[in-house]
Amino acid sequence: MSKQKSKKQIRREKVRAEKARKKWMSYGALGLLVIALVAFIATRPPKAPPLDEARLALNPNIGLATAKVTVTEFGDFGCSACQSWHRSGVKEQILETYGDDVQFVWKDFPVITAQSPKAAEAGQCAFDQGMFWEYHDLLYANAPAIGVDSLKEYAAELGLDTARFDACLDSGQNKEKTAQSEKEARQLALPGTPAFLVNGQKVIGPSSFETLATAIDTVLAEE
């Protein structure tokens, strides 16, 4: 009888041990889940507040708002044709020739590469710190290196507030702004980049100085 009780006792101890093991395993699994959840929350990009109407209405520009002619470029930082047009110096030639009569405006149409949308956002993040054109020039100088790590490196190279820039880029703060410009380009049925508007008149392709000058002169002649 004592032997029988001893066996029962052994079985009970085994059962208790197994229950304890399963209990601690469940605690361990729960602990790992909590740790994973905390890590996810800690590393998740901050949620950006929605842009107000005033910010959505702002675009990078050169020249006076009172200029008689507005030349708008719809561009893409991943576009080799846009890069070539930038290097041609046509924009600078237009501004030098027409002075205060022309304002040049940039709008994003990021459709050429998979990295283009984030590069467009980065340009707007630089714009928020008053250095869009410097950042614009640096992106084209280093194209096609426009991955997120490179975008952040360029901000540091220009001396931007990198904590602010990184938060802007990681949160998608200006995604709504770039999407707005892309929507406008699609509504205008622009076939690609670069594309231009001269007081609303479409000029498609990487236009020469002569082509843009003709469109500008036409507007000025009507003033």
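Residues numbered from 1 in each chain as written. Predicted model: local features only at pLDDT ≥ 70, side-chain atom pairs only at ≥ 80, totals over all residues. Heavy atoms only, no water.

Asker: What exactly am I supposed to notice about a positive patch on the surface here?
Answerer: Together, Lys7, Lys8, Arg11, Arg12 and Arg16 make up a positively charged patch on the protein surface. Looking at the element boundaries, Arg12 is found in helix α1 (residues 2-43). (Patch = residues over 30% accessible without salt bridge, like charges linked within 9 Å, V, L, I, M, F, W, Y side chains within 5 Å. Areas by Shrake-Rupley, 256 points an atom, 1.4 Å probe, with all protein chains shown as cover. Salt bridge = Lys/Arg side-chain N within 4 Å of Asp/Glu carboxyl O. Lys, Arg positive; Asp, Glu negative; His and termini not counted. Charge placed at Lys NZ, Arg CZ, Asp CG, Glu CD. Helix = DSSP H or I, 4+ residues; strand = E, 2+ residues; numbered from the N terminus.)

Asker: Would you take a moment to explain the state of the cysteines for this structure?
Answerer: Counted according to the given criterion, the structure contains one disulfide. The disulfide that involves Cys125 links it to Cys168, with 2.1 Å between the sulfurs. The S-S bond linking Cys125 to Cys168 shows a torsion near -85°; that makes this disulfide left-handed. Of this pair, Cys125 sits in helix α5 (residues 116-128) while Cys168 sits in helix α8 (residues 162-171), placing them 43 residues apart in sequence. (Disulfide = S-S within 2.5 Å.)

Asker: Would you mind showing me how to read unusual backbone geometry here?
Answerer: Geometrically, the link from Ala143 to Pro144 is a cis peptide bond, its omega value of 10° lying close to zero. With respect to the helices and strands, the residue Pro144 is situated in the loop between α6 (132-142) and α7 (148-157). Despite not being glycine, Ala189 shows a phi value in the positive range, around 60°. Of note, the phi angle at Asn199 is positive, near 50°, even though the residue is not glycine. Turning to its location among the elements, Asn199 is positioned in the loop between β4 (195-198) and β5 (201-204).

Asker: Sorry, what's going on with the nonpolar core here?
Answerer: Across soluble globular proteins, nonpolar side chains show a tendency to be buried alongside one another. Formed by 42 residues in total, the largest nonpolar core has its most connected members in Tyr135, Phe165 and Val198. Aside from chain neighbours lying at most four places away, what touches Tyr135 is Ala122, Gly123, Ala126, Leu151, Tyr154, Ala155, Leu158, Leu160 and Phe165. Counting residues in hydrophobic clusters, the runner-up holds six residues, among them Phe109, Ala185, Ala195 and Leu197. (Core = buried A, V, L, I, M, F, W, Y, C linked by side-chain atoms within 4.5 Å. Buried < 20%, exposed > 50% of the residue type's maximum accessible area, 1.4 Å probe, protein only. Contact = heavy atoms within 4.5 Å.)

Asker: Looking at this structure, I do not really get the side chain of Ser116. What am I missing?
Answerer: Structurally, Ser116 can be placed in helix α5. Looking at Ser116, the relative accessible area reads 1%, which means it is buried. A distance of 2.7 Å separates polar atoms of two side chains, one belonging to Ser116 and the other to Asp76. Of note is the side chain of Ser116, whose polar atom sits 2.8 Å from the side chain of Thr113. (Polar contact = N/O pair within 3.5 Å; in protein donor to acceptor, adjacent residues only side chain to side chain.)

Asker: Is there a simple way to think about helix α9 (residues 175-187) in this case?
Answerer: Because the α-helix completes a turn every 3.6 residues, residues three or four places apart line up on one side. The first and last C-alpha atoms of α9 sit 18 Å apart over 13 residues, in line with the 18 Å expected at 1.5 Å per residue. Taken residue by residue, α9 has Lys177, Thr178, Ser181 and Ala185 as its buried positions. On an axial view of α9, the arc spanned by its buried residues comes to 95°, and they lie on one face. Projecting away from the buried face of α9 at angles above 90 degrees are the exposed residues Lys175, Lys183, Arg186 and Gln187. Where α9 is buried, its residues meet α2 (53-57), β2 (69-75), β3 (102-108) and α5. Just beyond α9, the residue with positive phi is Ala189, at close to 60°. (Expected span 1.5 Å × (residues − 1). Arc of directions from axis to C-beta.)

Asker: Whenever I open this one, the packing of aromatic side chains confuses me. Can you help?
Answerer: The geometry of an aromatic ring pair comes down to the distance between the two centres and the angle between the two planes. As enumerated under the stated definition, the model contains nine aromatic pairs in all. Relative to Phe196, the ring of Trp85 has its centre 4.7 Å away and its plane inclined at 50°; by these criteria the two rings are tilted. Placement of the pair is Trp85 in helix α3 (residues 80-88) and Phe196 in strand β4, with a sequence separation of 111 residues. For the pair Trp85 and Phe196, a shared accessibility class is recorded, and that class is buried. For the ring pair Phe132 and Trp133, a centre distance of 4.9 Å and an interplane angle of 85° mean the geometry is edge-to-face. Judged by its relative accessible area of 15%, Trp133 is buried. (Phe/Tyr/Trp six-rings, centres within 6.5 Å; stacked < 30°, edge-to-face > 60°.)

Asker: How do you make sense of the sheet that holds strand β1 (residues 61-62) when you look at a structure like this?
Answerer: Backbone-to-backbone hydrogen bonds pair the strands of a sheet. The strands run either parallel or antiparallel. Pairing is mixed across the open sheet formed by five strands, whose spatial order is β1-β3-β2-β4-β5. Each end of this open sheet is capped by a strand with a single partner; those strands are β1 and β5. Relative to β5, β4 runs antiparallel, the two being bridged by four bridges. Bridging across to β5, Ala195 finds its partner in Ile204. This element, helix α10 (residues 209-221), spans β2, β3, β4 and β5 of the sheet and lies at about 20° to β4. (Pairing = 2+ DSSP bridges. Axes fitted to C-alpha atoms, helices over the stretch in contact; angles between N-to-C directions.)

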